[in-house]
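# Residue-level structure breakdown
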Amino acid sequence: MTEYLASGPSFREGEVIERIESFRQRRPRLRDTVVTLAHGAGGKASAALVDAVFINAFRNPHLDALGDGAVIALPGGQKIAMSTDSFVVQPLHFPGGSIGHLAVHGTLNDLAMAGAVPSWLTAAFVIEEGFPIEQLRAIVADMAAAAEDAAVQIVTGDTKVVPKGAADGMFITTAGAGLIPADRVLSPQNVRPGDKVLVSGTIGDHGMAVMLARGDLAIEADIRSDTAAVTGLVERLLQAAPSTRWLRDPTRGGVGTVCNELAQACGLAVVLEESRLPVRPDVAGACEMLGIDPLYVANEGKFIAVVDPAETDDALTALRSHPGGKNAEDIGHITEEPAATVVVRTGFGGTRIVDMLVGDPLPRIC
């Protein structure tokens, strides 16, 4: 496979569109007759469910883009981003954060990935009968603190209470909106061979922190979730590297899955360098003991960026100058072949293909 890893000539515009449509037609097909936990893992089963049920029913140009948020043009040329997300993490509190932090950070980060500066959030709560009021107060306080730190307002919401045993404590759904600068366009269609792939920090922290917090595993490690709002970090990147092509936060399914989504959307190959992947030693050790690849573990305060190769050094300098990006790394690049595929160069000089996540090795982590 090594012969595929050299950059080839740039795509022609018509060829890009043809490849995008071709690879979209190859997305996984839904063959299941009931919903399983795998459908919520962010991998192949999730893609099949979304395509066959939700995209099929609600199809429109905004939804067809398959981003974490929709970019909508308003009269007068202003653009806004809108996003929504539900949070069902267990346990509700874990080292480094809580479901309250995730509910704010998750939606804000989806808006930031669209290039927006978030301004407003909504919040809806499904609470199980018998849930302790003091625990509810603590979670709401976490949300308020996270929103204040990010300079956004929670402007409306809803509360529902369900019978005991029907909600596993609490579920939270947040939606958000933010304004996008007029000259800012982030899209997989902007990605070209030769572009660099950056990650804003260490990977796998959140998923491993939640797994160990459940106490089901005989593993002791001081691993904390990375949950955080990345808006300030994104703005610093875009000021230093204004030609940035695409952004995505690797939550469910991790870096491996979002890189596959990128490869399929642009019809190009994402080549990752295993030796450059920033993984904390304790996270790597926990993953090894569990037989899980860190590339598939969720993150809640990191993002992947594809940048113009001429702006790579400036982008990394800007990211590393921010407390949330001190461990940012250049982890790979874009090539033409093998088309719509993610490849990792191993430390031994070989290569391996990283497919989309299959199954759900880490359920209920966000």
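As the structure is a computational prediction, the values presented were derived from the model and not from experiment.

## Some points on the environment of Arg-252
For Arg-252, the position within the fold is in the loop between strand E9 (246-248) and helix H8 (254-266). When its relative accessible area of 42% is taken as the criterion, Arg-252 is described as partly exposed. Measuring from C-alpha to C-alpha, the distance between Arg-252 and Pro-363 comes to 9.4 Å, with 111 residues separating the pair along the chain. With residues up to four places along the chain from it excluded, the contact list for Arg-252 reads Gly-40, Ala-41, Gly-42, Thr-257, Ala-298 and Cys-366.

## Quick look at the UniProt feature "domain: PurM-like C-terminal" (unreviewed entry) in the protein
Listed under "domain: PurM-like C-terminal" (unreviewed entry) in the UniProt record, and renumbered for this structure, are residues 192-344. Span residues 192-344 is 33% helix and 17% strand, its end C-alpha atoms 19 Å apart.

## A look at the domain arrangement of the protein
Looking at the protein, the domain boundaries give domain 1 (68-180) and domain 2 (188-354). Taking only C-alpha atoms, the centre of domain 1 and the centre of domain 2 are 23 Å apart. Contacts between domain 1 and domain 2 engage 21 residues on the former and 21 residues on the latter. For the pairing of domain 1 and domain 2, the buried interface totals around 1,700 Å² over both sides, and the portion due to carbon and sulfur atoms is 61%. When the buried area of domain 1 at its contact with domain 2 is split by residue, Pro-95, Asn-109 and Met-113 rank highest and sum to 33% of it.

## Considering the nonpolar core
In terms of nonpolar packing, the biggest core is built from 38 residues, with Ile-99, Met-170, Ile-172 and Met-208 touching the most fellow members. Breaking this core down by element, the ones donating at least two residues are helix H4 (99-113), strand E5 (117-128), helix H5 (133-149), strand E7 (170-180), helix H6 (205-213) and helix H9 (281-290). Counting contributing residues, this core receives three or more from each of domain 1 (68-180) and domain 2 (188-354). When near neighbours in sequence (up to four residues on either side) are disregarded, Ile-99 contacts Phe-87, Val-89, Leu-92, Phe-94, Ile-139, Met-170 and Ile-172. Of all hydrophobic cores here, the second largest spans 26 residues; its members include Ala-263, Leu-268, Tyr-296 and Val-306.

## Topic: the layout of surface pockets
Which parts of space are left empty comes out when a probe the size of a water molecule is rolled across the atoms. Space inside the second largest pocket adds up to approximately 320 Å³. Taken together, 24 residues form the lining of the second largest pocket, with Asp-226, Arg-280, Lys-302, Pro-323 and Gly-324 sitting closest to its centre.

## What to know about the sheet that holds strand E10 (residues 269-273)
For sheets, the rule is that strands pair by backbone hydrogen bonds, running either parallel or antiparallel. Pairing is mixed across the open sheet formed by seven strands, whose spatial order is E9-E11-E8-E12-E10-E13-E14. Of all the strands in the sheet, just E9 and strand E14 (351-353) have a single pairing partner and so form its edges. Sheet twist, expressed as the mean angle between neighbouring strand axes with direction ignored, is 25°. Alignment of E10 against strand E12 (residues 329-335), held across four bridges, turns out to be antiparallel.

## Brief notes about the pattern of salt bridges
According to the stated counting rule, one finds 18 salt bridges in the structure shown. Residue Glu-134 pairs with Arg-137 through a salt bridge whose shortest N-O separation is 3.4 Å. With Glu-134 and Arg-137 both in helix H5 and three residues apart, the pair spans about one turn of that helix. We note that Glu-134, like Arg-137, is exposed. Residue Arg-364 pairs with Asp-168 through a salt bridge whose shortest N-O separation is 3.0 Å. In this pair, Arg-364 sits in the segment after E14 while Asp-168 sits in the loop between strand E6 (153-162) and E7, placing the two residues 196 residues apart along the sequence. On the basis of relative accessible area, Arg-364 is assigned to the partly exposed category, the value being 27%. The class for Asp-168 is partly exposed, based on a relative accessible area of 36%. In the salt-bridge network here, residues are joined through shared partners; they are Asp-205, Asp-226, Arg-280 and Lys-302.

## Describing a nonpolar patch on the surface
A grouping of Leu-30, Val-50, Val-53, Phe-54, Phe-58 and Leu-63 is seen on the molecular surface, where their side chains present a nonpolar patch of about 470 Å² in accessible area. Ranked by residue count, the leading element in the nonpolar patch is helix H2 (residues 44-58), at four residues. Mapped onto the secondary structure, Val-53 falls in helix H2.

## A short note on the environment of Ile-331
Along the chain, Ile-331 turns up in strand E12. Note: C-alpha distance between Ile-331 and Arg-345 (14 residues apart in sequence) is 10 Å.

## Side note on the pairing of strand E13 (residues 342-345)
Direction of pairing for E10 relative to E13: parallel, over a ladder of four bridges. What sits directly across from Leu-272, in E13, is Val-344. In textbook terms, the turn of a hairpin is the stretch between consecutive antiparallel strands, and for E13 and E14 this stretch comprises five residues, one of which, Gly-349, has a positive phi near 90°.

## Examining the sheet that holds E6
Here we have five strands laid out as an open sheet, ordered E1-E2-E7-E5-E6, and mixed in their pairing. Either end of the sheet is taken by a strand with one partner, and the two such strands are strand E1 (70-73) and E6. Between one strand axis and the next, the sheet turns by 15° as a mean value, whatever way the strands run. Note that E1 and strand E2 (residues 79-87) share four bridges and pair antiparallel. Looking at E2, one finds that Ala-73 is bridged to Lys-79.

What counts, and where the lines are drawn
Residues numbered from 1 in each chain as written. Predicted model: local features only at pLDDT ≥ 70, side-chain atom pairs only at ≥ 80, totals over all residues. Heavy atoms only, no water. Helix = DSSP H or I, 4+ residues; strand = E, 2+ residues; numbered from the N terminus. Buried < 20%, exposed > 50% of the residue type's maximum accessible area, 1.4 Å probe, protein only. Contact = heavy atoms within 4.5 Å. UniProt positions renumbered as here; feature names shortened; annotations may be inferred. Domains from an automatic or database assignment. Buried area = accessible area lost by both parts, 1.4 Å probe. Core = buried A, V, L, I, M, F, W, Y, C linked by side-chain atoms within 4.5 Å. 1 Å grid on protein atoms, 1.4 Å probe; cavity = no way out; pocket = protein on both sides within 12 Å on 5 of 7 lines; lining within 4 Å. Points joined across faces, edges and corners; volume = space filled by probe spheres on them. Pairing = 2+ DSSP bridges. Axes fitted to C-alpha atoms, helices over the stretch in contact; angles between N-to-C directions. Salt bridge = Lys/Arg side-chain N within 4 Å of Asp/Glu carboxyl O. Patch = residues over 30% accessible without salt bridge, like charges linked within 9 Å, V, L, I, M, F, W, Y side chains within 5 Å. Areas by Shrake-Rupley, 256 points an atom, 1.4 Å probe, with all protein chains shown as cover.

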